[in-house]
Amino acid sequence: QAQHSQNTSDSLSNASLIQKSKIDFLENINMSLDLRMSFRTYTLRGGDNDYQGRQFENGFTALGISAKIHEKVHVNFRSRFNKTSEVQSLDQLGNNIELANITIQATPRLQVQLGRQSAYFGGYEYSFKAMEVLRYNDIQSNALAYVTGIGTTFNASQEHSVGFQILNSRTVLYSEKYGEDTAPDVREPDWPVELVGNWRGSFFDGKIQTRYSLSFAQEVKDKWISFITLGHKYENNKLKLMYDFDYSSEEIDTKGLATNIIGGEFIAQEVTYVENWLRAEYKFNPKFTGLLTLMTNTTYGKNIASVSSGRDRLRTSYGWIPTLYYRPFKDIDIRLFVAYIGRYFEYSPLAIRDLGVGSYNENEIRFGFIAPLRIL
Amino acid sequence: QAQHSQNTSDSLSNASLIQKSKIDFLENINMSLDLRMSFRTYTLRGGDNDYQGRQFENGFTALGISAKIHEKVHVNFRSRFNKTSEVQSLDQLGNNIELANITIQATPRLQVQLGRQSAYFGGYEYSFKAMEVLRYNDIQSNALAYVTGIGTTFNASQEHSVGFQILNSRTVLYSEKYGEDTAPDVREPDWPVELVGNWRGSFFDGKIQTRYSLSFAQEVKDKWISFITLGHKYENNKLKLMYDFDYSSEEIDTKGLATNIIGGEFIAQEVTYVENWLRAEYKFNPKFTGLLTLMTNTTYGKNIASVSSGRDRLRTSYGWIPTLYYRPFKDIDIRLFVAYIGRYFEYSPLAIRDLGVGSYNENEIRFGFIAPLRIL
Amino acid sequence: QAQHSQNTSDSLSNASLIQKSKIDFLENINMSLDLRMSFRTYTLRGGDNDYQGRQFENGFTALGISAKIHEKVHVNFRSRFNKTSEVQSLDQLGNNIELANITIQATPRLQVQLGRQSAYFGGYEYSFKAMEVLRYNDIQSNALAYVTGIGTTFNASQEHSVGFQILNSRTVLYSEKYGEDTAPDVREPDWPVELVGNWRGSFFDGKIQTRYSLSFAQEVKDKWISFITLGHKYENNKLKLMYDFDYSSEEIDTKGLATNIIGGEFIAQEVTYVENWLRAEYKFNPKFTGLLTLMTNTTYGKNIASVSSGRDRLRTSYGWIPTLYYRPFKDIDIRLFVAYIGRYFEYSPLAIRDLGVGSYNENEIRFGFIAPLRIL
């Protein structure tokens with residue numbers, strides 16, 4: 001039979017699918033529109049900073065689709081509209097496409113994930129969807145969470161699972177990220193690869209949980225990033241308490257903070273970031289929840305004071321974010337919130353004297369709404 | 001229980017939702033693909049213009065989703081594929097995302113809208129989806145309709161409602177819109193804010209309707225745009241007749257038309273736009289509808305002729321757009337159309353003499369289809 | 001009644017639709033997420049090339065929607081996330097929107113397609129969705145498949161159909177594609193138009209099929225591209241065998257290959273591309289399928305050797321792509337694959353001597369998955 005349509009090859013390919021009823025499709029698809037919008041009033045003061053502003057801002061706007069397309073296969077997709085859709089030169093997707101992967105249940109305990117996915121980093125700061133975090137600490141503000149590769153998760157028991165991932169360490173080619181003009185010892189690797197291992201544990205009926213990870217990423221040839229994150233959570237009916245410790249030792253600076261402080265023509269090398277992060281959530285009643293996030297980052301460079309001074313502290317930053325959630329409806333998770341966001345960036349005497357920088361602070365009042373909206 | 005998925009935090013968040021049945025979700029979601037595609041044949045003649053062209057053009061291509069996600073909450077989303085997806089620096093969404101908001105029915109009469117939304121401007125030209133308008137008059141061709149903020153609507157009675165909005169007045173930061181090199185008195189405001197008030201009235205069983213609005217927008221520090229629009233509609237079984245009057249007094253030119261005429265290094269200041277717009281739609285029978293749009297714009301500058309000449313007319317433009325719709329199917333709103341679009345841009349003697357411009361006209365024949373296609 | 005919503009004009013337009021039940025909508029919509037992700041290991045050697053790399057890559061990531069919205073009307077939409085979303089200046093859609101069209105069944109045998117659509121080129125290489133092709137031959141690697149216009153298909157019988165299309169020949173305006181600085185005889189046409197005619201035949205109960213097309217495209221004023229493609233397929237239970245012959249005579253080079261070889265300031269003129277392409281697919285059993293693609297391209301310039309040398313061969317390229325598919329699940333079309341991709345670019349003695357180029361080869365091992373995933 002001659003085809004009725006010129007574009008049969010372009011129409012949705014369903015020929016090779018065993019026909020499922022439409023109700024089955026409907027039962028197995030989830031769609032969501034996730035929104036966070038807020039009004040910000042902020043000031044930056046100190047050092048070279050003297051700035052203030054006010055604005056409405058769409059902090060998080062995303063369309064997510066997940067579907068169970070087979071007894072053993074899920075597909076996960078999310079387009080985040082607050083990120084650039086410019087197609088990335090290394091893995092050929094815009095950074096707006098945070099998720100585009102399939103998950104295969106290879107055995108009852110082993111799961112394999114293929115495609116654009118979130119790195120299996122530990123820590124509870126990282127475990128939140130960006131919609132839930134008003135301000136990330138310095139590492140996660142500048143880290144790349146969604147990259148392409150293969151992940152496996154093994155559920156050793158009800159309480160413990162381990163994961164391992166092999167990923168591209170970036171989404172763009174070397175020349176786009178570093179330009180043509182690099183330091184003499186900075187060269188392109190054959191493969192900008194990242195290896196992530198994690199362990200997730202659960203103790204005392206889930207009251208205590210842990211998310212640990214260790215990762216190694218080759219950013220340029222023979223220069224590696226080692227990143228450890230240790231996350232801990234205590235949870236009961238009213239209270240959630242989370243504490244993360246992060247340590248990133250970077251043979252070439254991938255976060256850019258040290259490079260910005262040190263200045264100069266090239267990307268900084270041999271830098272270290274050490275962080276503490278704490279978040280407490282207390283549910284006063286079904287309508288009101290109080291939150292407090294506290295965080296610090298210390299940034300180190302190498303041989304800044306002198307050619308043999310070793311690891312030199314450049315800056316310590318502090319953050320405190322008290323927040324109040326109000327849930328007007330009991331049967332849908334829409335939250336109105338008001339928060340204060342305080343940051344203080346305290347430069348070391350060395351940095352102030354030798355690098356011409358000055359300590360500064362940010363103060364912000366923010367109110368708005370957070371709405372994870374299931375639509376199908 | 002240890003999680004089976006590494007990306008639980010990234011999967012669709014449904015834990016906090018009271019489980020609704022899938023059929024409920026289906027009942028409460030609407031999806032549409034709205035398309036207008038046409039073939040254009042056009043000429044520009046007069047002044048510096050001597051140009052003609054022919055092309056197929058996708059004038060309007062959008063995916064819309066709206067869902068009632070709770071008895072009192074709707075979510076509205078629209079991605080318009082004919083607009084740039086570059087993330088805007090002030091409100092963090094591309095201009096392609098025209099709608100990304102939730103509407104809350106706070107009381108039976110009061111509705112609150114939060115997020116990226118259309119400004120509550122009056123006028124019937126503005127009330128149409130862009131799919132329905134082949135050519136906007138000069139103000140709306142250059143105005144920003146979709147911005148971020150908060151709107152409230154109060155339904156005073158069956159016949160009358162009033163609305164009030166507080167919005168960002170632009171989507172990008174000052175430096176991106178105006179560059180670094182601005183006139184000496186042009187400075188960044190703390191908040192580029194826009195206030196919109198409107199009234200919608202209905203008289204004689206809806207035969208006469210009105211849409212009035214008054215808005216004030218701070219574009220740069222201490223320089224405001226005042227915009228009045230008065231829209232009127234008469235409607236019976238066969239005929240719709242709409243007339244709008246628009247007046248925009250701009251301490252700094254946000255439409256760019258006066259700036260283009262005056263020329264020079266900086267954005268023009270103290271300009272005024274005055275418009276009339278009329279649209280008639282007559283339904284000959286279920287298959288054929290005739291339309292006629294007529295419009296004028298007069299653009300004024302200040303002290304152009306001399307340092308104290310006051311408001312000087314720069315240009316008056318005219319437009320006439322006779323259109324014929326043909327609906328081939330009675331049970332779906334797909335329209336084939338053919339239209340003539342005539343524009344004449346008549347410069348004032350002052351502008352011709354002092355600013356080196358010349359009057360010109362545009363002529364265009366356009367045919368194509370308009371299809372608001374509900375798909376779910 | 002006064003409207004309850006400020007944005008009635010922006011909400012989904014359903015007023016003019018005869019109400020269909022939600023189950024009807026559900027029955028008539030198809031959504032799919034189509035994915036191909038792979039790990040590539042490749043080398044380029046010879047001539048000026050000495051490069052190798054390894055990376056995960058999202059070769060194909062697309063969301064498709066098709067819906068029967070009326071007994072006689074379908075809508076087709078596909079967003080391909082691996083392509084730029086920059087709005088194209090001529091037809092006002094990003095190249096990521098591969099399909100945005102409606103198809104109307106005008107008579108039982110005649111179908112009309114309006115909007116962004118795939119050109120009705122012949123050949124089986126072109127008939128595949130890009131997800132299914134690991135490497136295109138030289139013409140299709142550089143051709144524009146999705147443009148805007150009108151197509152008609154006439155089903156003459158069960159076995160034979162013919163199609164005719166009138167399209168824009170590009171998506172961007174002349175000045176964006178060719179810049180301001182063009183050869184003296186290169187000027188903008190009023191309409192960059194493309195005409196495509198095709199014939200699809202089926203013989204011996206579909207065992208032999210053909211897809212032939214002939215097209216003419218005006219790229220710049222009075223300079224045309226003539227493109228012939230002759231596709232043939234033999235199919236039985238186990239084996240599919242496809243062979244295409246392509247011939248493209250280009251008064252101005254639209255593929256860019258000859259321009260790259262010849263070098264110089266301007267786009268090359270009077271170039272010819274001749275191609276052979278063969279693909280065999282053999283189904284060993286329900287789990288394993290073997291594929292082999294073979295291809296050649298010969299690129300010619302005019303008067304390269306001397307002012308009257310006529311058609312001069314510049315380069316012949318060869319390609320061979322053995323591939324193995326493994327389908328782990330019998331009831332869903334997810335394929336794991338491993339492939340070798342070999343290319344050899346052999347320059348003519350003329351090109352090597354006069355144009356300073358050298359032959360080179362590419363070798364690649366690729367493995368990954370192909371998944372056309374129906375989600376609704």
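Residues numbered from 1 in each chain as written. Chains lettered and ligands numbered in written order. Predicted model: local features only at pLDDT ≥ 70, side-chain atom pairs only at ≥ 80, totals over all residues. Heavy atoms only, no water.

1. Some words on the overall build of chain A
Counting its regular elements, chain A contains six helices and 16 strands. Whereas a compact globule of 376 residues would reach a radius of gyration of roughly 21 Å, chain A reaches 23 Å, a difference of no more than 12%. Principal-axis analysis of the C-alpha atoms places the extent of chain A at approximately 80 × 55 × 45 Å. Buried positions account for 57% of the 376 residues belonging to chain A. Within chain A, contacts between residues at least 6 apart in sequence are counted, and of these 57% link residues at least 24 apart. Between the centroid of the 41 positive side chains of chain A and the centroid of its 42 negative side chains there is a distance of 8 Å. (Helix = DSSP H or I, 4+ residues; strand = E, 2+ residues; numbered from the N terminus. Rg over C-alpha atoms; globule rule 2.2 N^0.38 Å. Buried < 20%, exposed > 50% of the residue type's maximum accessible area, 1.4 Å probe, protein only. Contact = heavy atoms within 4.5 Å. Lys, Arg positive; Asp, Glu negative; His and termini not counted. Charge placed at Lys NZ, Arg CZ, Asp CG, Glu CD.)

2. Re the interface of chain A and chain C
Counting residues at the interface gives 57 residues for chain A, matched by 65 residues for chain C. For the chain A and chain C pair, buried surface summed over both sides reaches about 5,300 Å², with 59% attributable to carbon and sulfur atoms. One can count zero salt bridges joining chain A with chain C. Connecting chain A to chain C are 13 residue pairs in polar contact (both at pLDDT 80 or more). Every element with two or more residues in the side of chain A that touches chain C is listed here: α1 (22–28), β2 (49–70), β3 (73–80), β4 (97–107), β5 (110–118), β6 (146–155) and β7 (160–168) of chain A. Per element, the largest residue contribution to the side of chain A that touches chain C is five residues, and it comes from β4 of chain A. Among the residues forming the side of chain A that touches chain C, the class breakdown is 29 nonpolar, 21 polar and seven charged. (Buried area = accessible area lost by both parts, 1.4 Å probe. Salt bridge = Lys/Arg side-chain N within 4 Å of Asp/Glu carboxyl O. Polar contact = N/O pair within 3.5 Å; in protein donor to acceptor, adjacent residues only side chain to side chain. Nonpolar A, V, L, I, M, F, W, Y, C, P; charged D, E, K, R; others polar.)

3. Some points on the relation of the copies chain A and chain C
With an RMSD of 0.0 Å, the operation that places chain A on chain C is a rotation of 120° combined with a shift of 0.0 Å along the axis. Taken together, the turn and the small shift mark the pair as related by a three-fold rotation axis. The C-alpha atom lying nearest the rotation axis in chain A is that of S85 of chain A; the distance is 4.0 Å. Different-surface contact between copies: only 11% of interface residues of chain A are shared with the interface of chain C. (Least-squares fit on C-alpha atoms with pLDDT ≥ 70 in both.)

4. Some points on the pairing of strand β11 (residues 239–252) of chain C
All names here are of chain C. Where strand β10 (residues 223–235) and β11 come together, eleven bridges link them in antiparallel fashion. Bridge pairing links T229 to D246 in β11. Here 13 bridges tie β11 to strand β12 (residues 269–283), and the two strands are oriented antiparallel to one another. Looking across to β12, one finds that S248 is bridged to Y273. (Pairing = 2+ DSSP bridges.)

5. Comments concerning the nonpolar core
Most often, soluble globular proteins keep nonpolar side chains buried together rather than apart. In terms of nonpolar packing, the biggest core is built from 102 residues, with I102 of chain A, I102 of chain B together with I102 of chain C touching the most fellow members. If near-sequence neighbours (up to four positions away) are discounted, I102 of chain C is found in contact with L35, I334, F369 and L373 of chain B together with V73, H74, V75, V112, Q113 and L114 of chain C. (Core = buried A, V, L, I, M, F, W, Y, C linked by side-chain atoms within 4.5 Å.)

6. Some details on the pattern of salt bridges
Residues and elements named next belong to chain A. Overall, the coordinates contain 68 salt bridges over all chains when judged by the stated rule. Between R80 and E98 there is a salt bridge, and its shortest N-O distance comes to 3.4 Å. Residue R80 is found in strand β3, and its partner E98 is found in strand β4; the two are separated by 18 residues along the sequence. This pair shows no difference in class: R80 is buried, exactly as E98 is. Among the ionic pairs, K233 bridges to E235, the shortest N-O distance being 3.3 Å.

7. Focus: the interface of chain B and chain A
Many analyses report the size of an interface as the accessible area lost when the parts associate. If you look at the interface, chain B gives 56 residues, while chain A gives 65 residues. Linking chain B to chain A there are zero salt bridges. Between chain B and chain A we count 13 residue pairs in polar contact (both at pLDDT 80 or more) in total. Of all the elements in the fold, those that place two or more residues in the side of chain B that touches chain A are α1 (22–28), β2 (49–70), β3 (73–80), β4 (97–105), β5 (110–118), β6 (146–155) and β7 (160–168) of chain B. A per-element tally of the side of chain B that touches chain A places β4 of chain B first, with five residues. Split into classes, the residues belonging to the side of chain B that touches chain A amount to 28 nonpolar, 21 polar and seven charged.

8. What about the relation of the copies chain B and chain A?
With an RMSD of 0.0 Å, the operation that places chain B on chain A is a rotation of 120° combined with a shift of 0.0 Å along the axis. Each copy contacts the other with its own distinct surface, as only 11% of the interface residues of chain B are interface residues in chain A too.

9. Things to note about the environment of D354 of chain B
Residue and element names in this part refer to chain B. Mapped onto the fold, D354 is located in helix α6 (residues 349–355). Considering only alpha carbons, one finds D354 and V196, 158 residues apart in sequence, at a separation of 37 Å. At 3.0 Å, the side chain of D354 forms a polar contact with the side chain of R353.

10. Some points on the packing of aromatic side chains
A full pass over the atoms with the stated rule returns 47 aromatic pairs over all chains. A ring pair is formed by Y318 of chain C and Y344 of chain C, whose centres lie 6.4 Å apart and whose planes are at 15°; its orientation type is stacked. Of this pair, Y318 of chain C sits in strand β14 (residues 311–326) while Y344 of chain C is found in strand β15 (residues 335–347), placing the two residues 26 residues apart along the sequence. When its relative accessible area of 32% is taken as the criterion, Y318 of chain C is described as partly exposed. Chaining the aromatic ring pairs together yields one cluster made of F39, F56 and F367 of chain A together with W191 of chain B. The ring centre of Y325 of chain A lies 5.0 Å from the NZ or CZ of R335 of chain A, which sits over that ring. (Phe/Tyr/Trp six-rings, centres within 6.5 Å; stacked < 30°, edge-to-face > 60°. Lys NZ or Arg CZ within 6 Å of the ring centre and 35° of its normal.)

11. Looking at a nonpolar patch on the surface
All names here are of chain A. Taken together, L241, Y243, L278, L292, L294, Y318, W320 and Y344 make up a surface patch of nonpolar side chains, about 610 Å² in accessible area. Elements represented by at least two residues in the nonpolar patch include exactly β11 (239–252), β13 (288–302) and β14 (311–326). For L241, the position within the fold is in strand β11. (Patch = residues over 30% accessible without salt bridge, like charges linked within 9 Å, V, L, I, M, F, W, Y side chains within 5 Å. Areas by Shrake-Rupley, 256 points an atom, 1.4 Å probe, with all protein chains shown as cover.)

12. Some words on unusual backbone geometry
In this structure, E270 of chain A is a non-glycine residue whose phi angle is positive, near 55°. We classify E270 of chain A as partly exposed; its relative accessible area is 36%. In the Ramachandran plot, N303 of chain B falls in the positive-phi region, its phi being about 55° despite a non-glycine side chain. Here N303 of chain B falls in the partly exposed class, since its relative accessible area comes to 31%.

13. Things to note about the confidence of the model for chain A
Residue and element names in this part refer to chain A. Counting all residues, the mean pLDDT for chain A is 93, and 95% of those residues have values of 70 or more. In the predicted structure, residues 1–5 sits below a pLDDT of 50 and forms 13 contacts with residues beyond four places in sequence or in another chain. Note on residues 7–18: pLDDT under 50 across the span, and 33 contacts to partners over four residues away in sequence or across chains. (pLDDT = per-residue confidence, 0-100.)

14. A few points about the side chain of Q165 of chain C
Residues and elements named next belong to chain C. Along the chain, the position of Q165 falls in strand β7 (residues 160–168). On the basis of relative accessibility, which here comes to 0%, the residue Q165 falls in the buried class. Within the structure, the side chain of Q165 is placed 3.0 Å from the side chain of Q117, a separation counted as a polar contact. At a separation of 3.1 Å, a polar atom in the side chain of Q165 contacts the main-chain carbonyl oxygen of S118. In this structure, Q165 is in contact with Q117, S118, A119, Y120, I150, G151, E194, L195 and V196, ignoring residues within four places of it in sequence.

15. Examining the side chain of T254 of chain A
Residues and elements named next belong to chain A. With respect to the secondary-structure elements, T254 resides in the loop between β11 and α5 (257–262). Given the relative accessible area of 18%, T254 is considered buried. Contacts of T254, omitting those with residues within four sequence positions, involve N142, E219 and I225.

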